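Residue strings, one per chain:
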There are 2 protein chains.
Amino acid sequence: MTDDGSLASRGKPRVHKQTVKTLAFSILRGDFPAGHVLPPETELCDTLGISRSALRESIRALKDKGMLVARPRHGTIVQPRSAWQLLDADLLSWSMEIDPGAEFVLSLFEARQVIEPAAARLSALRATPDDLAALETAFADMTRAKAAGDFPRFNEADIAFHLALLRASSNVVFIQLSNMIGTALAIAFRMSIARAREPGASLSKHGDLITMIRARDPVGAENMMSRLLAIAAIDLGLNGGE
Amino acid sequence: MTDDGSLASRGKPRVHKQTVKTLAFSILRGDFPAGHVLPPETELCDTLGISRSALRESIRALKDKGMLVARPRHGTIVQPRSAWQLLDADLLSWSMEIDPGAEFVLSLFEARQVIEPAAARLSALRATPDDLAALETAFADMTRAKAAGDFPRFNEADIAFHLALLRASSNVVFIQLSNMIGTALAIAFRMSIARAREPGASLSKHGDLITMIRARDPVGAENMMSRLLAIAAIDLGLNGGE
DNA sequence: CGTCAAGCATTAATCAGACTAATGAGGATC
DNA sequence: GATCCTCATTAGTCTGATTAATGCTTGACG
């Protein structure tokens, strides 16, 4: 799921996976605009130099993501963006790799501002010792990475922290949105880099949040997370939504 | 996407789609517990009476949903629930059809309590005339259906209302969660039926919500939606989360 | 007896080509 | 002009053969 062919991710460059990415990128890049019918299967097989089974499995994947629809006699046609399942793990990472788009970035952050405080509240009510340990570990990694000036590693630990928080909420829906949150954080990091800002100004707040959760203070945890995200919003140059 | 073979949904009973459902149901029902390897492709083809291409496309779909993982020499193994992408449209409807599960239902409702008030707030800021018209139409349908005592139709209109609200928020992430919200509402409706309760006690609140949005009152809209959901929580016998 | 490497067997992944079915277009019929 | 029939196009399905990945067995070696 997380491995592409680009990085030598231990082993096996499956054909259809590569094809899926190729086709998806073509669509994302706009080579095939919405409503456009792409060439017949046999022709595409020729172009891509693969067999029909492999191509069909690739197309199946893209159909399940809402990017394509196939009908006999008509061909395979590209669906408008509105039909895509943008929260799909693959689609999310691809569109991030190409170009997230300002509107999408804003939507992601708005969603974080709503979901993460709620997750913090629930975590304060339900977090298990294991959950707290995961949060502590991530926080320790963040602290260490910042001290070392290793910002990529800091971002990684930051993401781990927020995902651990979602898991601690014990809410299945929130946990399922981990991909979205993780992607949003990765984008935020890249934007910070682009602006030559130092990320991690809110490090101490993360520690305070753990304290709140440990103290079983749902209101405090929720507020702390809101404040944390408000700082992040300023860092990103967003107005914060209010 | 939305059509199954069960209902005569205008035309074409595709083989692999039926197979996907069959396999998914077997897994959901627990015939194949997590970690279990299902029979080799050739054998499964025999059992199901289909060709390998069809079976393979079906398995691809389930792999993309996180339910299966295939490795040469080992076979295709069933993944634990934690690896499944539960917010996937198909998976959501299937697990609802089989058995939602109390924990999952609670998670869905908690997510609604967080997301929908926020969507209401954003709608008050951004709703276009078209969005308002969609809300009005859905509300009118609700009113009419309730007057006629047609509860299934009422539920349908209710879902349309909430989806229109998400769309009016202009937040891509919220819009993408339409499936989840719709499913949650459908479950809520079935639970109400099971308890022999009359749904729709909060009808007037929906109208008030439209008024708030029309008046561009974000705080009022958010509060109204929260109250509306609190009523729904009571109807469902949930404690409401606070 | 334990360790490691080569070969073997199993299974998914891929390829190749034919056949089937759905469906819109265009022509024949009235 | 409208209706029905035929046909061409394209995705869907089937069949079976080949390739590649990988755990397991086996046996050599220490």
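Look up: the structure comes first, before these words.
Computed from a predicted model, the values in this text were never measured in an experiment.

Visitor: Hey, could you run me through the overall build of chain A in this one?
Guide: A count of helices and strands for chain A gives eleven helices and three strands. Ordering the α and β elements of chain A from the N terminus gives α-β-α-α-β-β-α-α-α-α-α-α-α-α. Once the C-alpha set of chain A is aligned to its principal axes, its extents read approximately 65 × 40 × 35 Å. Taken over 242 residues, chain A has a buried fraction of 50%. Intrachain contacts of chain A at a sequence separation of at least 6 include 70% that bridge at least 24 residues. In the structure as shown, chain A presents an accessible area of about 11,500 Å², 54% of it carried by carbon and sulfur atoms. For chain A, the distance from the average site of its 28 positive side-chain charges to the average site of its 28 negative ones is 3 Å.

Visitor: What exactly am I supposed to notice about the pairing of strand E3 (residues 75-78) of chain B here?
Guide: Two faces, one strand: in a regular strand the side chains alternate between the faces of the sheet. All names here are of chain B. Here two bridges tie strand E1 (residues 37-38) to E3, and the two strands are oriented antiparallel to one another. For Leu 38, the partnering residue across the bridge sits in E3 and is Thr 76. Bridging between strand E2 (residues 68-71) and E3 involves four bridges; their strand directions are antiparallel. Opposite Ala 70, over in E3, you have Thr 76 as the bridge partner. Connecting E2 to the next strand, E3, in antiparallel fashion are three residues, including Arg 73 with a positive phi near 75 degrees.

Visitor: Teacher, can you tell me more about the pattern of salt bridges here?
Guide: Where charged atoms of side chains with opposite charge meet at close range, the side chains can pair. Summed over the entire model, instances satisfying the criterion amount to 23 salt bridges over all chains. The residue Glu 222 of chain A makes a salt bridge to Arg 121 of chain A at a minimum N-O spacing of 3.8 Å. You can see Glu 222 of chain A sitting in helix H11 (residues 218-236) and its partner Arg 121 of chain A sitting in helix H5 (residues 102-126), a full 101 residues away along the chain. Here Asp 141 of chain B and Arg 144 of chain B are joined by a salt bridge, their closest N and O atoms 3.1 Å apart. In this pair, Asp 141 of chain B and Arg 144 of chain B are both assigned in helix H6 (residues 129-148), three residues apart and thus about one turn of the helix distant. Overall, Asp 141 of chain B belongs to the partly exposed group, its relative accessible area being 21%.

Visitor: What should I look at first to understand the interface of chain A and chain B in this one?
Guide: Size of an interface: often given as the accessible area lost when the parts come together. Counting from both sides, the interface comprises 39 residues of chain A and, opposite them, 39 residues of chain B. Approximately 3,200 Å² of surface area, both sides summed, lies buried where chain A meets chain B, with 53% of it carried by carbon and sulfur atoms. Taken together, chain A and chain B are joined by six salt bridges. The salt bridge involving Glu 57 of chain A is made with Arg 56 of chain B; its shortest N-O contact spans 2.3 Å. At the boundary of chain A and chain B, one finds 18 residue pairs in polar contact (both at pLDDT 80 or more). Elements with a contribution of two residues or more to the side of chain A that touches chain B: helix H3 (52-64), H5 and helix H8 (172-176) of chain A. Sort the elements by how many residues they give to the side of chain A that touches chain B and H5 of chain A lands first, with 13 residues. Of the residues that constitute the side of chain A that touches chain B, the class distribution is 20 nonpolar, seven polar and twelve charged.

Visitor: Looking at this structure, I do not really get the sheet that holds strand E3 (residues 75-78) of chain A. What am I missing?
Guide: Either a parallel or an antiparallel arrangement is found when strands of a sheet pair, and the pairing is made through backbone hydrogen bonds. The strand order across the open sheet built from three strands is E1-E3-E2 (chain A), with neighbouring strands paired in antiparallel fashion. The sheet is open, and its two borders are formed by strand E1 (37-38) and strand E2 (68-71) of chain A, each paired with just one other strand.

Visitor: What should I look at first to understand the protein's contact with DNA strand C in this one?
Guide: Around DNA strand C there are 24 residues in total, and Val 15, His 16 and Ser 53 of chain A together with Arg 56 and Arg 73 of chain B lie nearest to it. Of all DNA strand C atoms lying within 4 Å of any protein atom, the proportion belonging to sugar or phosphate reaches 74%. For DNA strand C, a phosphate oxygen lies 2.4 Å from a polar atom in the backbone of Val 15 of chain A. Between DNA strand C and the protein, one listed contact pairs a sugar or linking oxygen with a side-chain N or O atom of Arg 73 of chain B at 2.8 Å. Going through the elements one at a time, helix H1 (15-29) and H3 of chain A together with helix H3 (52-64), E2 and E3 of chain B are the ones with two or more residues in the surface near DNA strand C. When the residues that make up the surface near DNA strand C are grouped by side-chain class, the tally is seven nonpolar, six polar and eleven charged.

Visitor: Is there a simple way to think about the relation of the copies chain A and chain B in this case?
Guide: Note: a rotation about an axis with an accompanying shift along it relates these two copies of the chain. For the pair chain A and chain B, the relating rotation is 180 degrees, the translation along its axis is 0.1 Å, and the fit reaches an RMSD of 0.1 Å. The superposition operator between the copies reduces to a two-fold rotation axis. Within chain A, the C-alpha atom positioned nearest to the axis of rotation is that of Glu 57 of chain A, 3.0 Å from it. Comparing interface residues between copies, 100% of those in chain A also lie at the interface in chain B; the contact surface is shared.

Visitor: Which parts of the structure should I look at to understand the protein's contact with DNA strand D?
Guide: Taken together, 25 residues lie around DNA strand D, and Arg 52 of chain A together with Val 15, His 16, Arg 52 and Ser 53 of chain B are the ones closest in. Each atom of DNA strand D within 4 Å of the protein was assigned to sugar, phosphate or base; sugar and phosphate come to 64%. Residue Arg 56 of chain A places a side-chain N or O atom 2.8 Å away from a phosphate oxygen belonging to DNA strand D. Between DNA strand D and Lys 63 of chain A there is a distance of 3.3 Å, counted from a phosphate oxygen to a side-chain nitrogen or oxygen. Put simply, the parts of the chain that give the surface near DNA strand D at least two residues each are H3, E2 and E3 of chain A together with helix H1 (15-29) and H3 of chain B. A per-class count over the surface near DNA strand D returns seven nonpolar, six polar and twelve charged.

Visitor: Honestly, the nonpolar core in this entry has me stumped. Any pointers?
Guide: Nonpolar side chains tend toward joint burial in soluble globular proteins. Core analysis: the largest hydrophobic core is formed by 142 residues, its most contacted members being Phe 174, Met 180 and Leu 209 of chain A together with Phe 174, Met 180 and Leu 209 of chain B. Other than its neighbours up to four places away in sequence, Met 180 of chain A contacts Leu 87, Leu 92, Leu 108, Ala 111, Arg 112 and Ile 115 of chain A together with Val 173 of chain B.

Visitor: I tried to follow the side chain of Thr 19 of chain A on my own but got confused; where do I start?
Guide: Residue and element names in this part refer to chain A. Following the sequence through the fold, Thr 19 ends up in helix H1. For Thr 19, a relative accessible area of 6% puts it in the buried group. Not counting residues up to four positions away in its chain, the partners in contact with Thr 19 are Leu 48, Ile 50, Leu 55 and Ser 58.

The rules we used
- Numbers given to residues run from 1 along each chain, matching the order in which its sequence is written.
- Each chain takes a letter, starting from A, and each ligand takes a number, starting from 1, following the order in which they are written.
- Owing to the predicted nature of the model, reporting of local features is limited to residues with pLDDT of at least 70; listing and counting of side-chain atom pairs is limited to 80 or more, with chain, interface and lining totals taken over all residues.
- Heavy atoms throughout the structure, all of them, feed into the side-chain values; hydrogens and water do not.
- Segments assigned H or I by DSSP are reported as helices when at least four residues long, segments assigned E as strands when at least two residues long, and all are numbered from the N terminus.
- We call a residue buried when its accessible area falls under 20% of the maximum for its residue type, exposed when it is over 50%, and partly exposed in between, using a 1.4 Å probe and counting protein chains only.
- The contact criterion used is simple: two residues touch if any of their non-hydrogen atoms lie within 4.5 Å.
- In this description, accessible areas are obtained by the Shrake-Rupley approach with a 1.4 Å probe, and a residue is regarded as covered only by the protein chains that are shown.
- His residues and chain termini do not enter the charge count, which takes Lys and Arg as positive and Asp and Glu as negative.
- One atom stands in for each charge, and that atom is NZ of Lys, CZ of Arg, CG of Asp or CD of Glu.
- DSSP-based pairing: two strands are paired if at least 2 bridges between them are found.
- In what follows, salt bridge is the name for a side-chain nitrogen of Lys or Arg lying within 4 Å of a carboxyl oxygen of Asp or Glu.
- The term buried area means the drop in 1.4 Å probe accessible area that two parts suffer when joined, counted for both and summed.
- Between N or O atoms, a polar contact is any pair within 3.5 Å; within protein, one atom must be a potential hydrogen donor and the other a potential acceptor, and residues adjacent in sequence are included only when both atoms are from side chains.
- Under this grouping Gly is polar, as are all residues other than the nonpolar Ala, Val, Leu, Ile, Met, Phe, Trp, Tyr, Cys and Pro and the charged Asp, Glu, Lys and Arg.
- Put simply, a residue is near a molecule or strand once any heavy atom of it comes within 4 Å of that molecule or strand.
- The copies were overlaid with a least-squares fit restricted to C-alpha atoms from residues scoring a pLDDT of at least 70 in each copy.
- The definition of a nonpolar core used throughout is a set of buried Ala, Val, Leu, Ile, Met, Phe, Trp, Tyr and Cys residues joined through side-chain atoms within 4.5 Å.

Such coordinate-based values are descriptive only and should not be taken to indicate function.
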